[in-house]
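# Per-entry structural report
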Amino acid sequence: VTMANMYLFAGNEARAKAIVDAFAALRIDKQIKEDGTQPAELKRTKAFSYSIFNLTHIVDMCYLARYWYPNYYEVHRERIDKAFEFLAPYVETPETFPYQQIASWEACKKSYNQQLERIKVLRGDGGN
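Just so you know, these numbers come straight off a predicted model, no measurement behind them.

On to the pattern of salt bridges. Under the definition given, this model contains nine salt bridges. Residues Glu74 and Arg77 are paired through a salt bridge, measuring 3.3 Å at the closest nitrogen-oxygen approach. In this pair, Glu74 and Arg77 are both assigned in helix H5 (residues 72-92), three residues apart and thus about one turn of the helix distant. A residue is classified by how much of its surface remains accessible, and Glu74, at 37% relative accessible area, is partly exposed. One network of salt bridges, with partners in common, ties together Glu74, Arg77, Asp81 and Arg123.

This is the structure we're talking about:
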């Protein structure tokens, strides 16, 4: 996401677009399984934190991709939404999270909710 932003800022739209075009296959499809799990993140000692961190960058790319593809999020919505749905039950009941999470749950909850608000904007549901 950072590289695509830098290329776009530098005026190299072709290189930025190439990164955006490759992103779904390299990141969304490989990192989020059909059930919404993010296996590489769930292996970490801060599994929930890293799952949200990864989703933050995916949402970032959805925003950047709108420069070329106004419906980028909609095209990839099913898998992205599944990732949020997988994490949702644990926001309110962190004690049921079956993976390791050695960091603050309050920070996780805040970050999760912030990303949900950003998703609402992409959906056209508002946000703010």
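With that settled, consider the packing of helix H2 (residues 13-31) against helix H4 (residues 47-65). Their axes nearest at 11 Å, the elements H2 and H4 cross at an angle of 150°. When the axis of H2 is compared with that of H4, the two are roughly antiparallel. The way H2 lies across H4 gives a crossing that is left-handed. Between H2, through Ile19, Val20, Phe23, Ile28 and Gln31, and H4, the contact on the second element is made entirely by Asn54, His57, Ile58, Met61, Leu64 and Ala65. Here the contact of H2 with H4 is built from residues that sort into eight nonpolar, three polar and no charged.

Tracing the chain through its elements places Gln115 in helix H6 (residues 105-123). Since its relative accessible area comes to 5%, Gln115 is described here as buried. Engagement of the side chain of Gln115 in a polar contact is seen with the side chain of Thr56, the distance being 3.5 Å. The contacts of Gln115, once residues within four sequence positions are left out, are Thr56, Val59 and Phe84.

Quick look at the nonpolar core now. If you look at the biggest cluster of nonpolar residues, it comprises 34 residues, and the most contacted ones within it are Val20, Ile28, Phe48, Met61, Tyr72 and Ile80. Within the residue set of this core, elements represented by two or more residues are H2, H4, H5 and H6. No other element matches H4, which puts ten residues into this core. Leave out the neighbours within four places in its chain, and Ile80 touches Ile28, Ile32, Ile58, Cys62, Tyr73 and Ile119.

Here is what the cut-offs are and how they apply
Residues numbered from 1 in each chain as written. Predicted model: local features only at pLDDT ≥ 70, side-chain atom pairs only at ≥ 80, totals over all residues. Heavy atoms only, no water. Salt bridge = Lys/Arg side-chain N within 4 Å of Asp/Glu carboxyl O. Helix = DSSP H or I, 4+ residues; strand = E, 2+ residues; numbered from the N terminus. Buried < 20%, exposed > 50% of the residue type's maximum accessible area, 1.4 Å probe, protein only. Axes fitted to C-alpha atoms, helices over the stretch in contact; angles between N-to-C directions. Parallel < 35°, antiparallel > 145°, perpendicular 65-115°, else oblique. Left-handed = near helix turned anticlockwise from the far one by under 90°. Contact = heavy atoms within 4.5 Å. Nonpolar A, V, L, I, M, F, W, Y, C, P; charged D, E, K, R; others polar. Polar contact = N/O pair within 3.5 Å; in protein donor to acceptor, adjacent residues only side chain to side chain. Core = buried A, V, L, I, M, F, W, Y, C linked by side-chain atoms within 4.5 Å.

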